Amino acid sequence: MDARIPRALVRRRRFPRSGMGALGWLLCVLPAMAAQANPQVGEMLDLQSQTTEQGQITQDRVDQLADEARQLLSDYRLRLQELDRVRRYNANLERTISDQEREKSSLNSQIEDFGDLERGIVPLMMDMIDDLAEFVDLDVPFLLPERRARIGRLREVMDRSDVSVSEKYRQIMNAYMVETAFGRTIEAYSGQIDTGDGVLRKVEFFRLGRAALVYQTPDREIAGYWDAGAAEWRPLPAAFGPSVNLGLRIAKKQAAPEILTLPVAAPSRAEP
């Protein structure tokens, strides 16, 4: 028998150039052919396919766990930063509390010292009020009701518990400043006085600092002055009437300041 095969009987199989290549086609066909030829091979292929699917599931789980691990690591680092900030805040808070304790101790010490100071200054302020009252009684007798009322209010304030020591001291010093200012000002005001006949008459007073205090009746018929040396009122000669009237007008800002002629008590000479 001729081993040669006629060319007409030999046909070449051409594989498509596009799509699956020859090798891919063989890989798909051969397992199927092998499975048909040998059932064990088919079981092995099924097992391999199942193993591949299980591996994919395992890989997905691993990827999920990796993502969770990265998230946990990020949260852990964030918590570490927060913990560091809390520790630094607590350290600063401890230093602040320590400073407050020192300040508290200092304030308590100052309060105790102030208590000692208050026990010493309150009697001093009471003496200042007594001295001011004595001064007003011995001073030129102008605005006596007003000045004595101011001293009375100071005595009332000293007995009040709702007024601080500093405020009491401020009011006392203010009263002293008011009395000091009287020596640098002039003033005209109305009042009543006994002119010597036992009758209270309405008069106008003119005060020139503490150097002179005179009065004049509205009709300008009677005038007088305070004699500091004798500590009494004396009649004023008629020659001083124009000066008293001018002084009243100057004090009321009705005339320009001018030189006045008024009786002024000479300072007494202290005994050696």
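Conventions used here
- Residues numbered from 1 in each chain as written.
- Predicted model: local features only at pLDDT ≥ 70, side-chain atom pairs only at ≥ 80, totals over all residues.
- Heavy atoms only, no water.
- pLDDT = per-residue confidence, 0-100.
- Helix = DSSP H or I, 4+ residues; strand = E, 2+ residues; numbered from the N terminus.
- Contact = heavy atoms within 4.5 Å.
- Buried < 20%, exposed > 50% of the residue type's maximum accessible area, 1.4 Å probe, protein only.
- Salt bridge = Lys/Arg side-chain N within 4 Å of Asp/Glu carboxyl O.
- Axes fitted to C-alpha atoms, helices over the stretch in contact; angles between N-to-C directions.
- Parallel < 35°, antiparallel > 145°, perpendicular 65-115°, else oblique.
- Left-handed = near helix turned anticlockwise from the far one by under 90°.
- Expected span 1.5 Å × (residues − 1).
- Arc of directions from axis to C-beta.
- Pairing = 2+ DSSP bridges.

Some words on the confidence of the model for the protein chain
- In this model, the protein chain carries a mean pLDDT of 82, and residues with pLDDT of at least 70 account for 79%.
- The spread of mean pLDDT over the elements of the protein chain runs between helix H1 (residues 22-37), the lowest at 52, and helix H3 (residues 144-158), the highest at 96.
- Throughout residues 1-20 the model reports pLDDT below 50, and contacts reaching past four residues in sequence, or to other chains, amount to 5 contacts.

Some remarks on the environment of Phe240
- Structurally, Phe240 can be placed in the loop between strand S5 (232-235) and helix H5 (241-251).
- Phe240 has contacts with Thr261, Leu262 and Pro263, leaving out every residue within four places of it along the chain.

Re H5
- The element H5 is extensively covered by neighbouring structure, given that 9 of its 11 residues are classed as buried.
- On the buried face of H5, the contacting elements are strand S1 (186-194), strand S2 (200-208) and strand S3 (212-216).
- Where H5 terminates, the next one or two residues include Lys253, which has phi positive at roughly 60°.

Considerations on the pattern of salt bridges
- Under the defined criterion, the tally for this structure stands at 18 salt bridges.
- Its salt-bridge partner being Asp139, residue Arg210 comes within 2.7 Å of it at the nearest N-O pair. Of this pair, Arg210 sits in the loop between S2 and S3 while Asp139 is found in the loop between helix H2 (39-138) and H3, placing the two residues 71 residues apart along the sequence.
- Overall, the relative accessible area of 25% leaves Arg210 in the partly exposed class.
- Residue Asp139 is classed as buried on the basis of its relative accessible area of 11%.
- The salt bridge partner of Arg150 is Glu179, with a shortest N-O separation of 3.9 Å. Of this pair, Arg150 sits in helix H3 while Glu179 sits in helix H4 (residues 165-182); the two residues are 29 residues apart in sequence, bridging distant segments of the chain. Considered together, Arg150 and Glu179 belong to a single accessibility category, that of buried residues.
- Through salt bridges that share partners, Asp139, Glu146, Arg147, Arg150, Glu179 and Arg210 make up one connected network.

Observations regarding the packing of H3 against H4
- Where H3 contacts H4, the axes come no closer than 10 Å and their chain directions differ by 165°. Put simply, H3 runs roughly antiparallel to H4. For the element pair H3 and H4, the recorded crossing hand is left-handed. Listed contacts from H4 to Arg147, Arg150, Leu154, Val157 and Met158 of H3 are Lys168, Gln171, Ile172, Ala175, Val178, Glu179 and Phe182.

Overview of H4
- Its 18 residues place the ends of H4 26 Å apart at the C-alpha level, agreeing with the 26 Å of an ideal helix rising 1.5 Å per residue.
- Among the residues of H4, those classed as buried are Val165, Lys168, Ile172, Ala175, Glu179 and Phe182. All buried residues of H4 project into a common sector of 115° when viewed along the axis, lining one side. Of the exposed residues in H4, those oriented more than 90 degrees away from the buried face are Ser166 and Met177.

Some points on the sheet that holds S5
- Taken together, the 5 strands give an open sheet; going across it, the order is S1-S2-S3-S4-S5, and neighbouring strands pair in antiparallel fashion. Of all strands in the sheet, those with a lone pairing partner are S1 and S5, marking the two edges. Taken over all neighbouring pairs, the strand axes of this sheet differ in orientation by 30° on average, direction set aside.
- In terms of strand pairing, strand S4 (residues 223-227) meets S5 through 4 bridges, oriented antiparallel. Paired with Gly224 across the two strands is Pro235, which belongs to S5.
- Across the sheet, H5 is in contact with S1, S2 and S3; its angle to S3 comes to roughly 100°.

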